[in-house]
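Reading the structure
Listed below, chain by chain, are the residues.
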Amino acid sequence: MKLVIIGGVAGGASAAARARRLSEAAEIILVERGPDVSFANCGLPYYLGGVIAERAKLLVTTPERLRTRFRIDVRTQSTAVRIEPANKTVRIRETGGREYDQPYDKLISAPGAAPIRPPLAGVDLPGIFTLRNLHDVDQIQTRLHAGVRQAVVVGAGFIGLELVENLVHRGISTTLVELADQVLPPLDPEMTTPIVETLKSHGVEILTGEAAAAFRATAEGLAVQLKSGRELTGQLVVLGVGVRPENALAVEAGLEVGARGGIKVNEFLQTSDPDIFAVGDAIETTDFVLGGPTQVPLAGPANRQGRIAADNVFGRASKYRGTQGTAVLGVFGRTAAMTGASAKTLRRLERPFHAVYIHPTDHAGYYPGAEQMTLKVLFDPETGRLLGAQGVGGAGVDKRIDVLAIALQARLTVFDLEEVELAYAPQYGSAKDPINMAGFVAAGWLRGDHPQVDVPSLLAMSDDARPLVLDVRTPEEFAAGHIPHAMNVPIDELRLRLAELPADRPIVAYCQVGQRGYLATRILRQLGKDAVNLSGGYRTYRLWQPNG
Ligand code: FAD
């Protein structure tokens, strides 16, 4: 078996190592355009920020290691320039200029995705970068060493925000420009509020609903002209506006690609040519939750796909389950994470869903150091099957989203979340873990025990339909901020002050995070009142209405 692999980083290197573990006899040739294989793309922003001090740490493995330990024929500085499926050869061009045809029995293509460089005036000026590999990072580092006081990061996705954090670490005044009307566009907008607040508290200027229109050189360095007409100045611009699958070879070879350019593969990661497999950022996969095609450029899927493709090359029928988009970001000590579908996507696809919000602490509140988080769990309103989850906050967000990611993959329901047994001691969690709590709140809604309304629905109610908004927190909490027109009856006085409530008006009860509001709802409903709880309470309200 002669296996040729194009691309030597996440998907390609994983495929190569797995292939060797499956076959000592195979000839495995790994072709990589750049000088490095298997480097840590995900660590690049942290090297720029100085968090990772040594460049060498970014090299997860080296060509030498792949040669000696795995007996892989690693050919760096070698670009695959053409695939000829009819002859089963790959045309390879070495950096020095030599070209040759490399025969294969099976081919795994893992060329990744290239950062998008929008065709804007001046986009190729010195000082304007994208970030994909060590070459990019070296160039940015050189620019930083030359003296950068102000930087502009265009694109507020995961990479953009990591860059912002690391530039600020270096003492650089940084402005973030994002076309969408929110940062972190994969998340639902309200879940990004704490991230925006954190960025602002670290001096980052955030311009959402704004786009770079042109660049020009100035005495100061660079000027970034925005669509609104405003101009930003800086000595460094980094573009993080998304990536595009590297599909040119596949297209030229006649392989099928999807509408967004991803190479089409079946569940065995086989392209439209059965001898050619494709993995990683270059492919279109199936959305695990929604079922349609999707392109999700993440390291986890790329690495696992590399293994699966190698399995299939060596006759082990191995299926890829689809991508659910589990992702996490850390920025200035805050964490944002998600898995599965967002409310935005479900709404766009007109898929019915319901969402609940909770704001638990990562571990028992009485044990020192507890940090609050917000979890949003989305589920099917008929069956309770999980559809997605998002979390934002401090410690413990990553753990809960990982648990929910597994629950989602196991196609569990919110009723299962009520029952899951998770490790507990006060410094790690709570006897009712946030996962259980999310299950209780969601299942309570499904069973009709805990009717809830969400903040947008409350805000959308016209004056005529406006219910009594009943704040059941303490007067001190009420005084510190409340929903306009709310009436304050603390939960402990509610049973004594029922006569003050209008007899025939629906009631939306709320507290700080939803728990006292739930109790109020239960009290009132058992008295025959039309009462619902505001999902996630005042804290969720402030996510939607950060300015009051
Ligand atoms: P790549 O890792 O991009 O590898 C493709 C390789 O193929 C490249 O080295 C390229 O030079 C080579 N190649 C392309 N064409 C040819 C050719 N014709 N001939 C020879 N070689 C070729 N994901 C996460 O899940 N979490 C993170 O925190 C995270 N952070 C990231 C931070 C940054 C700055 C970047 C850039 C990416 C990050 N990612 C993260 C995304 C993750 O790195 C990618 O999803 C993953 O590397 C994709 O793997 P891949 O094998 O498909 O492509």
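Residues numbered from 1 in each chain as written. Predicted model: local features only at pLDDT ≥ 70, side-chain atom pairs only at ≥ 80, totals over all residues. Heavy atoms only, no water.

1. What to know about the overall build of the chain
Quick note on the threshold: In this description a helix means any DSSP run of H or I spanning at least four residues, a strand means any run of E spanning at least two, and both kinds are numbered starting from the N terminus. Radius of gyration: over C-alpha atoms. The globule rule applied is 2.2 Å multiplied by the number of residues raised to the 0.38 power. Partly exposed describes any residue whose relative accessible area lies between the buried limit of under 20% and the exposed limit of over 50%, with all areas from a 1.4 Å probe on protein chains only and scaled to the type maximum. Two residues qualify as a contact provided that any one of their heavy atoms is within 4.5 Å of a heavy atom in the partner residue.
In terms of regular secondary structure, the chain is built from 16 helices and 31 strands. On C-alpha atoms alone, the chain measures out to a radius of gyration of 26 Å, which is about the 24 Å that the 2.2 N^0.38 rule sets for 548 residues. Projected onto its principal axes, the C-alpha coordinates of the chain cover approximately 90 × 60 × 45 Å. Looking at the chain as a whole, 53% of its 548 residues are labelled buried. At a minimum sequence separation of 6, the contacts of the chain that also span at least 24 residues come to 61%.

2. Considering helix α3 (residues 63-70)
The test is simple: The arc in question is the one spanned by the directions pointing from the helix axis to the C-beta atoms.
Of all the positions in α3, only Pro63, Leu66 and Phe70 are classed as buried. The buried residues of α3 occupy an angular sector of 80 degrees when the element is viewed end-on, so they sit on one face. Exposed side of α3, more than 90 degrees from the buried face: Thr68 and Arg69 are the residues found there. Just beyond α3, the residue with positive phi is Arg71, at close to 50 degrees.

3. Focus on the domain arrangement of the chain
What counts is decided by this rule: The split into domains, and so the bounds of each, comes from an automatic or database assignment of domains.
Entries for the chain in the domain assignment read domain 1 (2-114 + 244-313), domain 2 (128-241), domain 3 (333-447) and domain 4 (452-544). Put simply, the middle of domain 1 and the middle of domain 4, counted by C-alpha atoms, are 55 Å apart.

4. Section: the environment of Gly203
Mapped onto the secondary structure, Gly203 falls in the loop between α6 (193-201) and β12 (205-208). Overall, Gly203 belongs to the exposed group, its relative accessible area being 55%. Along the sequence, Gly203 and Thr174 sit 29 residues apart, while their C-alpha atoms lie 7.8 Å from each other.

5. Section: the site of the ligand
So the rule is basically this: Proximity criterion: a residue is near a molecule or strand once any of its heavy atoms comes within 4 Å of it. Under this definition, polar contacts are N or O atom pairs within 3.5 Å; protein pairs additionally need one hydrogen-donor-capable and one acceptor-capable atom, and for neighbouring residues in sequence, both atoms have to be side-chain atoms. Note on areas: Shrake-Rupley, 1.4 Å probe, and residue coverage restricted to the protein chains presented here. The classification used treats Ala, Val, Leu, Ile, Met, Phe, Trp, Tyr, Cys and Pro as nonpolar, Asp, Glu, Lys and Arg as charged, and all other residues, Gly among them, as polar.
Residues in contact with the ligand amount to 28 residues; listed here are only the nearest, Gly11, Glu32, Ala80, Asp281 and Ala299. At a separation of 2.7 Å, an oxygen atom of the ligand approaches a polar side-chain atom of Glu32. One nitrogen or oxygen atom from the main chain of Ala110 is found 3.5 Å from an oxygen atom belonging to the ligand. A total of 990 Å² of accessible area belongs to the ligand in isolation, and the protein chains cover 88% of it. With three residues, strand β4 (residues 78-84) is the single largest residue contributor to the shell around the ligand. Grouping the constituent residues of the shell around the ligand by class yields 16 nonpolar, seven polar and five charged. Counting contributing residues, the shell around the ligand receives three or more from each of domain 1 (2-114 + 244-313) and domain 2 (128-241).

6. As for unusual backbone geometry
Its identity is not glycine, yet Ser38 carries a phi of approximately 40 degrees, on the positive side. Along the polypeptide, Ser38 turns up in the loop between β2 (27-31) and α2 (44-48). A positive phi angle, near 70 degrees, is found at Leu269, a position not held by glycine. Residue classification places Leu269 among the buried residues on the basis of a relative accessible area of 1%.

7. Regarding helix α5 (residues 158-169)
Here is the rule: Under the convention used throughout, the expected extent of a helix is 1.5 Å for every residue step, that is, one less than its residue count.
Helix length check: α5, at 12 residues, gives a terminal C-alpha distance of 17 Å against a target of 16 Å (1.5 Å per residue), a fit within 8%. Along α5, the residues classified as buried are Phe158, Gly160, Leu161, Glu162, Leu163, Val164, Glu165, Asn166, Leu167 and Val168. Gly171, located one to two residues past α5, shows a positive phi value of around 80 degrees.

8. As for the pattern of salt bridges
The criterion, for reference: Salt bridge, as used here, is a side-chain nitrogen of Lys or Arg placed within 4 Å of a carboxyl oxygen of Asp or Glu.
Scanning the model with the defined rule gives 28 salt bridges in all. Here Glu99 and Arg93 are joined by a salt bridge, their closest N and O atoms 2.6 Å apart. In this structure Glu99 comes out as partly exposed when scored by relative accessible area, which is 31%. For the salt bridge of Arg497 with Glu500, the shortest nitrogen-to-oxygen distance reads 2.9 Å. Connected via shared salt-bridge partners are Arg91, Arg93, Glu99 and Asp101.

9. Details of the sheet that holds strand β19 (residues 276-278)
How we decide: Note on pairing: DSSP must find at least two bridges between two strands before they are called paired. Lines are fitted to the C-alpha atoms to define the axes, a helix being fitted only along its stretch in contact, and any angle between axes, read from their N-to-C directions, falls within 0 to 180 degrees.
Read across the sheet, five strands follow the order β3-β2-β1-β7-β19 without closing on themselves; strand pairing throughout is parallel. Edge positions in the sheet fall to β3 (73-75) and β19, since each of these pairs with one other strand and no more. For this sheet, the mean inter-axis angle between neighbouring strands, taken without regard to orientation, is 15 degrees. Summarising the sheet, strand β1 (residues 2-6) and strand β7 (residues 106-109) pair through four bridges and their orientation is parallel. Residue pairing for β7: Ile6 is matched across the bridge by Ser109. Together, β1, β7 and β19 form the strand contacts of helix α8 (residues 299-313), whose direction differs from that of β7 by roughly 170 degrees.

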